[in-house]
Amino acid sequence: MKTQKRSEIEESSKWDLSSLFATSEEWKDALEALKQAGSQAASFKGSIKRGKASFLKLLKWLGETNILAERVGCWAMLNYSADASDPKNIRQYGMASQVLASLGAALAFFDPELLSLDEETYQAYLHDPDFQEYKVYLQKSRRFKAHVLSEGEERLMALQSESAQTSELTFSDLTNVDMDFGTVEGKPLTQSTYSTFMQSTNRATRKEAYDKLYGIYGAHQHTLARLYEGSVKQDIFSSKVRGYASSRDAALFPDKVDGSVYDTLVASVHAGFDSLHRFYEVKRRALGLEKLAHWDVYVPLVMQKPFHTTYDAAVETVLKAVKPLGDEYVSILGAGLTTERWVDRYENTGKRSGAFSSGCYTSKPYILLNFTGDTLNDLFTIIHEGGHSMHSYYSKKHNPFFQYDYTIFEAEVASTTNEQLLARYLLDHAKDKDERASIIGKQLDDIVATLFRQTMFAEFEDQAHKLAESGETLSVDVIRAIYRKLLVAYFGNQVEFSELSDMEGLRIPHFYNAFYVYKYATGISAAIALSQKILEGGEKERNDYLAFLQSGGSRYPMESLKLAGVDMSKPDAVNAAVTHFATLLDEFEKLV
């Protein structure tokens, strides 16, 4: 049961990074080429104002350079994520970060020059067929005009970008590499196995894992609080320098998302607190407990029979679930999850916890997993990350480089729609009433985790940043007080908390990418609506959804989602998701 070393994992179970580079030597050559590109950048200064031909030459060079930069950075990040205990991976990640920061500094002239174009010339370029593949990029860049600094200031911001990652990287190394959480029942307690322990049928096991994990976090609480405060200060610094009203506005601006979308999400979720609190009361009764503790809330509503699946069997189920998306989708995803080796499957020492999908324009859409096969969540994680990777596949296939990169706002819709398809597939193939209740219970748990919990996280980020922006010091006591108040509001009187419960606010990795998590909540709201359209509609609804995946970064997220039939500028989708949750809860109570 010990965590394996990277070298002990079979090659067929690791991702194949050869679509980036075949060897470390090739990567080093590319890194050197990227350094040379940085040296060449100065020769392009003034190209935009020298006319169409020189501007086009610059854009072509910029595209080639950025594609190379993506490959270099992606290789280093993926290897570092797979094993942060390997000194070579640490060194390569540092080298890539340094070169990419230097390149950014060398290109500091570009945005100020682009935005200094007079409106007549700019409009002429937008309507010129020779600029067609750059049109969307130029339009989106123009929108940042009020927030782009002078060339010298942009260079300073680029040079500072590497050190800006210090809080996040230190948090990752501290929690994934340095912290030792011990064992529970003779099994190692890690960031990845913690969720398995939290679903144990043995309450004493859950409490032991909970106390040990948060005990270690508590022992490092001042360091963790300082790291998070540093991340928040970095957000505030950047937003102030660029002239945004707040760090939240700065984070929402690139997606062209109004702050009202964020506030409406919170308000709609608060309106559903009665159903959420009823859910915890139902869970208390289902578990036969006098009082529900924080270490009880992640146990499935229906205590499932011992579950285990192999990776291959899990993939087979996933492919059956996505069949409504068409034969091509199923075929491509199936190959990616198996023979094409998009996936790094199993946990190893030094590997980043959780899961993600990542890649670049010229590479496979890679997936990092920590698959155990011991919970149903593993199936949902595979189909979730598979949704991200298929989104990337279609985006790259149907768009030029300058407009292929979709936003995280859209990404969470693609992944969560796949989860909804899996839930429906499992319900349709439930053998009996008990299995149906178990699957509905899983859906309820997932909606709580993705809609309600992520909105709670979003509230925490908003409150923490607003406090810091008002001049308040984000000490460990302040951070924990904010988080405890939210715990009480969201869980209600049905759940009791320990002295360490609010330490949870200091262990969420996504908080180091501020104002990200609300997109999970909006994503599941859109996904519930879209999955119903796909399952209840026909070829048109499927093609509308595939058109959304293919749109890549060619539109702003609100616009691309309208392609698929969902308007997230209105509260309807979130309200419908809250109502759907209440309906599922009603059915669950009738079943059991």
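As the structure is a computational prediction, the values presented were derived from the model and not from experiment.

Could you clarify how one ought to interpret the packing of aromatic side chains in this entry?
The geometry of two aromatic rings is summed up by the distance between their centres and the angle between their planes. Under the criterion given, the structure shown has 44 aromatic pairs. With a centroid separation of 5.6 Å and 80° between ring planes, the pair formed by Phe491 and Phe497 is classed as edge-to-face. A relative accessible area of 4% places Phe491 in the buried class. Positioned above the aromatic ring of Phe253 is the side chain of Arg143, whose terminal nitrogen or guanidinium carbon lies 3.9 Å from the ring centre. Positioned over the ring face of Trp295 is Lys207, at 5.1 Å from the centre of the ring.

It is not clear to me how the side chain of Thr309 should be interpreted in this structure. Could you clarify?
Relative to the assigned elements, Thr309 resides in the loop between strand E3 (292-293) and helix H15 (311-321). With a relative accessible area of 12%, Thr309 lands in the buried category. When sequence neighbours within four positions are dropped, the list of residues in contact with Thr309 reads Ala314, Phe371, Gly373 and Leu379.

Would you mind showing me how to read the pattern of salt bridges here?
The final tally for this structure, using the stated rule, is 36 salt bridges. Among the salt bridges present, the one from Arg285 reaches Glu281, with a minimum N-O distance of 3.7 Å. Here Arg285 and its partner Glu281 are both found in helix H14 (residues 273-287), four residues apart, which amounts to about one turn of the helix. On the basis of relative accessible area, Arg285 is assigned to the partly exposed category, the value being 46%. Overall, the relative accessible area of 25% leaves Glu281 in the partly exposed class. One salt bridge in this structure joins Asp446 and Lys442, with 2.4 Å as the shortest N-O distance. With Asp446 and Lys442 both in helix H19 (residues 433-469), this residue pair falls four residues apart, about one helical turn. You'll find Asp446 and Lys442 in the same group, each marked buried. Among the charged side chains, a salt-bridge network with shared partners connects Arg278, Glu281, Arg284, Arg285, Asp586 and Glu589.

I keep staring at the packing of helix H22 (residues 539-550) against helix H23 (residues 557-564) and nothing clicks. Help me out?
Packed helices, taken two at a time, are described by the angle between their axes plus the distance between the axes. For the pair H22 and H23, interaxial distance at closest approach is 7 Å and the crossing angle is 160°. With respect to H23, the axis of H22 lies roughly antiparallel. As H22 runs across H23, the sense of the crossing is right-handed. Taken together, the residues of H23 that come into contact with H22 (itself represented by Asp544, Tyr545, Ala547 and Phe548) are Ser560, Leu561, Leu563 and Ala564. Looking at the contact of H22 with H23 residue by residue, the classes come out as six nonpolar, one polar and one charged.

Would you mind going over the environment of Phe497 with me for this structure?
As for its placement among the helices and strands, Phe497 is situated in the loop between strand E7 (495-496) and helix H21 (518-536). A sequence separation of 393 residues divides Phe497 from Gly104, and the C-alpha atoms of the two residues are 46 Å apart. When neighbours within four sequence positions are excluded, Phe497 is seen to be in contact with His294, Arg484, Leu487, Val488 and Phe491.

The rules we used
- Residues numbered from 1 in each chain as written.
- Predicted model: local features only at pLDDT ≥ 70, side-chain atom pairs only at ≥ 80, totals over all residues.
- Heavy atoms only, no water.
- Phe/Tyr/Trp six-rings, centres within 6.5 Å; stacked < 30°, edge-to-face > 60°.
- Buried < 20%, exposed > 50% of the residue type's maximum accessible area, 1.4 Å probe, protein only.
- Lys NZ or Arg CZ within 6 Å of the ring centre and 35° of its normal.
- Helix = DSSP H or I, 4+ residues; strand = E, 2+ residues; numbered from the N terminus.
- Contact = heavy atoms within 4.5 Å.
- Salt bridge = Lys/Arg side-chain N within 4 Å of Asp/Glu carboxyl O.
- Axes fitted to C-alpha atoms, helices over the stretch in contact; angles between N-to-C directions.
- Parallel < 35°, antiparallel > 145°, perpendicular 65-115°, else oblique.
- Left-handed = near helix turned anticlockwise from the far one by under 90°.
- Nonpolar A, V, L, I, M, F, W, Y, C, P; charged D, E, K, R; others polar.

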